[in-house]
Each structure stands twice: as structure tokens, then as C-alpha cells.
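Here is what each chain is made of, one letter per residue.
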Amino acid sequence: MSNLLEAYAQVAGLDVITHLRQLAKPLAGMKVAHVNSTRVGGGVAEILEKLVPLMQELGIETTWEVIEGSDLFYQCTKNFHNGLQGKHISIPDPQLKEYEEINRQNSEILRHKLEDADFVFIHDPQPAPLLSYCGERRGKWIWRCHIDASHPYRSTWKYLRQFVSAYDASIFSLAEFAQTLSHPQYIIPPSIDPLSEKNIELPDHEVASIFTNFHIDPDRPLLLQVSRFDRFKDPLGVIQAFKIVKKYVPGAQLVLAGGGATDDPEGAQVLDEVQESAVGEPDIHVLLLPPDAHRTINALQRASDIVLQKSIKEGFGLTVTEAMWKGKPVIGGDTGGIRLQVINFNTGFRVNTPEGAALRIRYLLHHTQKRKEIGLKAKEFVRDNFLITRHLREYLTLIASLHFGCADRIELNLDKCSSSGQV
Ligand code: UDP
């Protein structure tokens, strides 16, 4: 077994790795391409960073392509993001034209690779029209939606659906996000990589270094929310909750750590609002981190007593999984993928308002043992459900199911399989 797979066996168990190898064997040599719009920042990049090398390690020729856009293009795709998450938004024609034109331009660069692939995974709306410019494609194309599309604004979805409906399948993170489409839809929740810099165990001194680096008092309670400065992540609601908590727990400290994904043009404006709301509050630390600050985020999550993700809409919320994996109790918005992870009173608390968040924060700060219990359950829940090995297994299963179609039987036994795949 390769060193990479060996390392995952240590965390997820040998059976899990054996199962992956069995599933991958009939798919060996296939060409798979993933396409998204940023190599750093945000959950999609975070997942592809390790999913791609793991698929390669399992014998599948996997590449990761990133389309490049203009400011106008990203304004448009941010509008799609907001529209899919339910915001009533009218997207100006020049933006839509730029969206299609940028995809056409990118297709000029990527066409040969994508047309030659057996499977193409297109992540989110940004590169969705690529398919319409790849007329000679020979493989199957899958649209992977990472966004909470439970109640999309009708006209946004109507526009995007014209591109999406041409795909062979789509993937949503939760059953509630599935749409009326004529192709098969798969439900695959995201995952974290337990061996990435973001999630590996850290030495105590590295965790402790964040107290000195960011002027945080190690002897007072620390609350944290890590996320892009995006309204759907509700950073202002977090500050509001914190201000309530301060009345009862004056020593509490809050870190709001974030940065911008390169495909998110609204971040600077939301950051301004957050900074304004934190004026005169020395115990609120707003940290603007570079996109590769994975170990710093890891240390912040480990140093915190409670992690918040008070989103109003959330496709999944990898930050929730990351914190749970570190044994932290999470207080999350009662929405989207957070519902899948935070089981109320069990692996954390779900809340709907700043007042609700403040109530749960106070409860957890006053019940140390409960914090530990919830954190332990949260970690095991992630091990069972949200590690990248489970995610990969489901991608492989999806590829096999689309590839072998309605074959009566797919032979997965490692010893008996031929490398070309035996049906
Ligand atoms: N993240 C980061 N730096 C930041 C903010 C977020 O590295 O300043 C990471 C975070 O740790 C997580 C991912 O980006 O791994 C965000 O994924 P999530 O699903 O929580 O939200 P998204 O940004 O995709 O909506």
C-alpha cells in the first residue's frame, strides 16, 4: 500500500482503505477531471486539494483544472451563489454575457482535456456552461453543487438550469437541495481531510502560540468563528451574540477569522461592516488571514473553547466539521449542511438567532464537562461520516454506477478484477 493510503488507514481504519481499493480497481486508468474556479479559499478548493491526489493514488488519472474569470464574471457568479441560496436578485445582462463569454474562453484552453476525460466533475455554477462548449466530449459530465440550493430564487435557477440539465448527473450535499432535473441526482455530503495542515494534530506549543501572536488571553474563554466575510455566514450575528454573552461572562473573547476566496467579490464590504461593529470591543479580534493560513486556523480551532458557525444559509460548512474533528462543541445556524453535522444537544447546538447563540454559549461556558462530552461525540461523528475517505468512496461508487450503467453485477473483488474492469 502506498504511504498516502497507509496514512489514511491509520485514521480511518484499514477496512476503509481496502474498500476504496476494491472500488477503484475496475476504474483504474480512467481519466477524471475536476473543474472549479479557485485553487485557494473556500470549501471546494479545500476538498479537491486532497481528493485529487487520493484518486490518483488509487490508479485513476485525475486532474484539477481552474477556470479564470474577470471581476464582472465573479460579480455574476456571486449573484448566482446568492440567488441559489434564495436571495431575490436580478442579474444584469452584461454580467450574464460575461459569464458565458468567460466560459467560452476557458473552454478554448480546457476543451481537449475535458473532451478526452471519462468523467468531468464541474463544481458549482462558475464553470457550468463549459459543457455547452465541449461538443466533442466522450465522457460523462457531472455537475456538483456545493451550495444550499433548497429554495433557489426561481429566475436564477431557471437560467442556470439550462446549462445544468445537459449534464449526465448532478450531486447535491443534502437531499433537501435536490432539484427537478431529468438526470440522476446523487446526494454526497462533503468531508474534511484529517491529514491536511488544517486538521492534523498540532504540538501544544503551536496551539499556544496563537495566544501570543494574536494577543489573546489564554486564561479567559475563547469563542471562534472561521469563515469568509460573507453575509450568509452572519458574522454580525456572531458579534451580536457575543455582546450579549459579555454581559454575563465579562472575560469572554471572540475571534472572527476569515479571508477572501479569490472568487468572492463581496468580502471587503462585509469585512468593513464587521470591523465597524467591533469598534470599542477590545475582546473581539477580527483576523484577516492569508488563504494558506491552514495551520493558524487549525491552532485557533484547537485553542478555542467553543466554535461558532452561525450561518443563515450553509451548503455544508466545512468549518463545522473541522471544529468537531478537534473535539470542539459547535454552535451552528439551524440550516443546510449544519443540520447534518450538528445533532442538537448531542454533537453541538443549532440556533436561529443571536439570542439563541448567546444562550448556548453561556450554557457551554458554564458546563465544562458537557463541553468535553459533546466534543468527544462530535469527533467520533466526524470519523464515522465526514472524513475524505467516505467522500471518495461515494465518488467512486457514483463513477462505477454511471460507467457500468445497468450491468447486473460489478465485480469488485481485488484478486479477481482485471485492470480494465470486469463486469
Ligand atoms: N477557510 C480558510 N480561511 C479563511 C476562511 C475559511 O482557510 O479565512 C477555510 C475553512 O477552514 C474551510 C473552508 O475554507 O475549510 C470553508 O469551507 P466552508 O464549507 O465552511 O464554507 P465556504 O467558504 O465553502 O462557503
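It should be noted that the structure appears before, not after, this text.
All figures in this text were calculated on a predicted structure; none of them were measured in a lab. (Residues numbered from 1 in each chain as written. Predicted model: local features only at pLDDT ≥ 70, side-chain atom pairs only at ≥ 80, totals over all residues. Heavy atoms only, no water.)

Draft legend 1. Representation of the packing of helix α1 (residues 3-12) against helix α3 (residues 43-57) in the model. Where α1 contacts α3, the two axes come as close as 9 Å, and the packing angle between them is 115°. As judged from the angle between their axes, α1 and α3 are roughly perpendicular. Contacts between α1 and α3 involve L4, L5 and Y8 on the former and, on the latter, K50, P53, L54 and E57. Here the residues of the contact of α1 with α3 sort into 5 nonpolar, no polar and 2 charged. (Axes fitted to C-alpha atoms, helices over the stretch in contact; angles between N-to-C directions. Helix = DSSP H or I, 4+ residues; strand = E, 2+ residues; numbered from the N terminus. Parallel < 35°, antiparallel > 145°, perpendicular 65-115°, else oblique. Contact = heavy atoms within 4.5 Å. Nonpolar A, V, L, I, M, F, W, Y, C, P; charged D, E, K, R; others polar.)

Draft legend 2. Summary view of the side chain of E322. Within the element layout of this structure, E322 appears in helix α11 (residues 318-325). Of the side chains with opposite charge, K198 lies nearest to the buried E322, which makes no salt bridge, at 4.1 Å. Among residues more than four places away in sequence, those in contact with E322 are E46, I192, K198, N199 and Q301. (Buried < 20%, exposed > 50% of the residue type's maximum accessible area, 1.4 Å probe, protein only. Lys, Arg positive; Asp, Glu negative; His and termini not counted. Salt bridge = Lys/Arg side-chain N within 4 Å of Asp/Glu carboxyl O.)

Draft legend 3. Looking closely at the side chain of N103. Relative to the assigned elements, N103 resides in helix α5 (residues 93-116). Filtering out sequence-adjacent residues up to four positions away, N103 remains in contact with I67, F73, Q126, P127, A128, P129, L130 and Y133.

Draft legend 4. Quick look at the site of the ligand. In the region of the ligand, 15 residues are neighbours, and G43, R228, K233, G259 and E322 sit closest. Interatomic distance of 2.7 Å between a side-chain N/O atom of R228 and an oxygen atom of the ligand. Looking at the shell around the ligand, the elements with two or more residues in it are α3 and α11. Classifying every residue of the shell around the ligand gives 3 nonpolar, 7 polar and 5 charged. (Near = heavy atom within 4 Å. Polar contact = N/O pair within 3.5 Å; in protein donor to acceptor, adjacent residues only side chain to side chain.)

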